[in-house]
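Observations on the three-dimensional arrangement
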Amino acid sequence: MKKLRYVWTVLSVFFISAGYSQTLEDIDGKALFGDLTARHIGPALMSGRINDMETHPTNSRIVYAGTAGGGVWKSSDGGTTFNPIFDDYCQSIGAVALDPNDPDNTIYVGTGETWTRNSVSIGDGLYKTTDGGANWNKIGFEKSERIANIIVNPDNSQEIYVGVLGALWGDSEERGVYKSSDGGATWEQLLYVDPKTGCADLAMDPANPNVLYASMWEFRRTGWSFESGGDKSALYKSTDGGKTWNKIHNGFPEGKLGRLAIAVAPSNHNVLYTVIEAEKDERKGLYRSNDAGASWEQLNNDFGITVRPFYFSRIVVDPKNEDVVVKGGLSGSISRDGGKTFKNLGNMHSDIHDIVFNIKDSDIMYVGTDGGVYRTWDGGTTMEIVENLPLSQFYQVSVDDAEPYNVYGGLQDNGSWWGPSSSPNGVEARDWNSIGAGDGFRVLKHPTKPIIYSEMQGAESVWRIDTERELTKTIQPLPVSEDQKLRWNWNAPMAISAHQPDRFYMGSQYLHKSEDMGDTWEIISPDLTTNDPAKQNQEDSGGLSMDNSGAENHTTIFTIAESTLDENVIWVGTDDGNVQVTKDGGKTWTNTVANIPGLPKNTWCYHIEASVFDKGTAYAVFDGHTMNDMTPYAFKTTDFGKTWTNIISDDVVGFARNIQEDYENPDLLFLGTEFGLYITMDGGKNWKKFTNNMPAVAVHFIELHKRTNDLVMGTHGRGVIILDDISPLRSINNEVLGKTLHFFETPDTEISETSSFSGNFGTETQFVGSNKTKDVQIKYYLNKRHTFGKMTMVIEDMEGNQIAELGPGKSKGINVVNWNYTRKVPKVAKGKTFSFGGFTAPQVPAGTYKAVITKGKETFEHTFNLVYDKNSPLTEKDRELKEVTTMKLYDMTQELAYLVYELDEIMENANTAGDKKTAEKLNSLKETLVITTGDNYVGAAEPQLRERMADLYSKIASSYDKPSAAELQNLEVIAERFNTAKSDFAKLKDKYLKKQAVTLMTFEDFLESK
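Residues numbered from 1 in each chain as written. Predicted model: local features only at pLDDT ≥ 70, side-chain atom pairs only at ≥ 80, totals over all residues. Heavy atoms only, no water.

This next bit is on the overall build of the protein. Looking only at helices and strands, one finds 9 helices and 67 strands in the protein. For 1010 residues, the compact-globule estimate of 2.2 N^0.38 gives 30 Å, and the protein sits close to it at 34 Å. The contacts in the protein between residues at least 6 apart in sequence include a share of 57% that link residues at least 24 apart. Where the 101 positive side-chain charges of the protein centre and where its 139 negative ones centre are 5 Å apart. (Helix = DSSP H or I, 4+ residues; strand = E, 2+ residues; numbered from the N terminus. Rg over C-alpha atoms; globule rule 2.2 N^0.38 Å. Contact = heavy atoms within 4.5 Å. Lys, Arg positive; Asp, Glu negative; His and termini not counted. Charge placed at Lys NZ, Arg CZ, Asp CG, Glu CD.)

Set out below in structure tokens:
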């Protein structure tokens, strides 16, 4: 039996390695995409919203930030810098908790942001790590949507309490307070009210873990309203570990309650604070109990305490002083007299969501805001921003055709910006330019003029900015009659015509068109929405606290797409589910939504993509999450909407927001979902999730750059993420997947000759976005991992001369090998100092080259082109002179290295033989060739021939220009001196070798030696 098992194992290995060829249907995305890797360019100068801050219970240097849409970040240096530890999972974070008995290893993360504004993402459960974040496991609450609190019993790590806020957009049974007694393996629901009421806050008595406090909040949001508060909102207390609960409302306001915060003073467990949202404005505010909740007294009703209670509810007590209280809010408020009076915290980004005190020094605090994390060293008087948290929350991105191209976009509560896709030392904070205020949304660059359009929420302001003359004008369409009321979405759509560069579109309930960049407007449609009056009562939104920010504006146009093939074909999608199309420039419109199979009524049309291949073809993405429907929806039409086909497969997880069609392959599509990027290469039959340096972040918008083939993503939590050059994906099909090795086409690579003295001083603690590589990227697909036998890769010229040897990628899937179009660095003579020549690799000239891969007995070849910058000032003759001179010095440098090697060998032999006279002569000659004393930092040593030769070589080889006259004259001097040295050494060598044999490597062997 053992023998049979062994034979089967061997046969299994043989079949797996010998012939199984996967198809697009069954290949895994990780294996398929291989080395294709996304890069992050930020920005971080304005960062993004923070939901939860936590500190290590014993190590004051360790701080955690749970972010609204950018995952979990850890700092080990007191908040100076942070690193992500949760990228593979849902990036919307509600709560982070450390096991106080094992804080270095056991950490819990509850997903789903709890500050329930209209643009929040969702969570997918509770996660646990037991190795400090290296590996995570989901331990329940998959349908919770939002987890507000996690508490581990300090006396028993197996006991965990979780406060589940639950669904925002609909009823949910998975709400309330839960307990696990086995470390998260199983859960028991301790406190439940109804499907509309969740746990907004949970606290434990620090002196008695059986005493718990739970804030239950009745709330509901729709796409057109928000309701905070009701009869079911209440503050509860348990004294038996959650078995029984009682309301503790003695002294509370009468009537309905809204969101309540709860905090227990760590230094005095009888002191509690709560912030209450009540029916009457005068009864809202901060309440304090000095008897563990038996009675309450209202202490403060200031605006800073009561403002937007659904968004600012967190209250934190100094762990060492029960009378020092900090409250989240527009500016953040701190009291040092037990809550009687408050003052604002220091200058920082508005909208304060959480605060934690340093465990050793209460003057040190960490504050989570809508603009990132701030630190204070003086109790909140002055604040400094953490500079390396790239958490910006984009709603939209666009690109231009500059070199390098720029990226434009608007951010949640952080205005609008534009910055380069690459920059000399990486994309730094100083590379970004402000181009709008408020909540930024769409930002568009005029195709031919130095004009940028940007907007803030609800089209409150729409700007046309002349960036050369620094002139700004507001251009939004305005009502033209007393009875005309324009309805603008919070994220109002804008679009530029591909046919007329001055033509500009905006959408209210009507489609507005301007032919003069917004100076004059005309309406070219009827009301294209459902115009449902029941969804137009935004002035009543908010519940107990009115909250008409414009975010609830509904029955509006949300997306506009003009066909690039026919200016008369325009698509419009609305937030209440209509998909309208005109084929005559707006004279007549057809609503096609009734033709879409399986789409729930009134589902938000989030994006329409007009095809570049056929004017009757378009894609529509629908987002149902505001109706509590998390299903991804994307459809395609080829007949102007008469029929639509579903193009979403079961592979896609997370509701979708955006789709991008490739410009060359109509079957290649990119889908932005709430949990990351998906790619299909067969028109939507099979989707693969892209995860290479791509977090599971909400992708709100995608743009494909036509010249570079870069996929540019605006994410709502991790800034701009770019997947450089997606062109290999265009040719992937089942035939390619079946090949042993398939080279993808390599676009012409421009040899980079630019340089900059721009340093990175001052960015030590900042986030710096990575640049696009300037190397040649040789990309190929392997249908299985190379494990046995030899596999090599070389670069050759077209005559077959080897230029460079590279390490080949051997993984299954797409492999990417970079070559910086240089030869090997020259071998430089040994000396006591560094020589720049030994670090300078000469560039090869422009031309056609071959990548040759040898895999076992098979050889695969691929040609590609290197080209010069068309704007270079050099002529062909200049380049020829540069190449000849560089290589002359390259060869001389290696010849000198070999000469010094020979000299050293003979001198050692002479010393061993006792021939001191010859040894002294050789040493005297060597002292003129290389520096023979000191160390690698002898800046003032007299340069000898090696230094002069190698330094001249380095200057010429690393310069973009032809050699100067002075350099050529210097070369003659060096060459003459070298010839003299060679002659002198030859005499000494010949004379010595006649009387004493010395074994020497050949020149070729010497160059290959280490």
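Here the narrative resumes.
Among the 6 residues in strand 10 (residues 147–152), 6 count as buried, and that is most of the element. Summarising the sheet, strand 10 and strand 11 (residues 160–164) pair through 5 bridges and their orientation is antiparallel. Bridging from a neighbouring strand, Ile147 pairs with Val164 of strand 11. (Buried < 20%, exposed > 50% of the residue type's maximum accessible area, 1.4 Å probe, protein only. Pairing = 2+ DSSP bridges.)

When glycine is set aside, most residues are seen to have a negative phi, and most peptide bonds are trans. Following Gly42, the chain continues into Pro43 via a peptide bond in cis, with omega recorded as 5°. By secondary structure assignment, the location of Pro43 is in the loop between strand 1 (38–42) and strand 2 (50–55). Residue Pro404 is bonded to the preceding Glu403 through a cis peptide linkage, with omega at -5°. Its location among the elements puts Pro404 in the loop between strand 32 (394–399) and strand 33 (406–411). Of note in the backbone geometry, Asp413 takes a positive phi value of approximately 60° without being a glycine. Structurally, Asp413 is set in the loop between strand 33 and strand 34 (416–420). At Asp725, a position not held by glycine, the phi torsion is positive, near 50°. Along the chain, Asp725 turns up in the loop between strand 59 (720–723) and helix 4 (734–737).

An ideal rise of 1.5 Å per residue puts 56 Å on 38 residues; helix 5 (residues 876–913) measures up with 55 Å between its terminal C-alpha atoms. Trailing helix 5 by a residue or two, Gly914 shows a phi angle of about 80°, which is positive. (Expected span 1.5 Å × (residues − 1).)

This brings us to the side chain of His742. One can find His742 in strand 60 (residues 741–743). When its relative accessible area of 14% is taken as the criterion, His742 is described as buried. Separated by 3.2 Å, the side chains of His742 and Lys739 make a polar contact. In this view, His742 contacts Ser731, Val736, Lys779, Tyr780 and Tyr781; residues no more than four positions away in its chain are not counted. (Polar contact = N/O pair within 3.5 Å; in protein donor to acceptor, adjacent residues only side chain to side chain.)

In the predicted model, the protein carries a mean pLDDT of 95, and 97% of its residues have values of at least 70. Here residues 1–19 is a poorly scored stretch, pLDDT under 50, and it has 3 contacts once near neighbours within four places are set aside; other chains count. (pLDDT = per-residue confidence, 0-100.)

We now examine the pattern of salt bridges. Taken as a whole and assessed by the stated rule, the structure comprises 47 salt bridges. Its salt-bridge partner being Arg375, residue Glu384 comes within 2.7 Å of it at the nearest N-O pair. Relative accessible area serves as the criterion here: at 31%, Glu384 is assigned to the partly exposed category. Where Glu883 meets Arg823, a salt bridge forms, and the shortest distance between an N and an O atom there is 3.0 Å. (Salt bridge = Lys/Arg side-chain N within 4 Å of Asp/Glu carboxyl O.)

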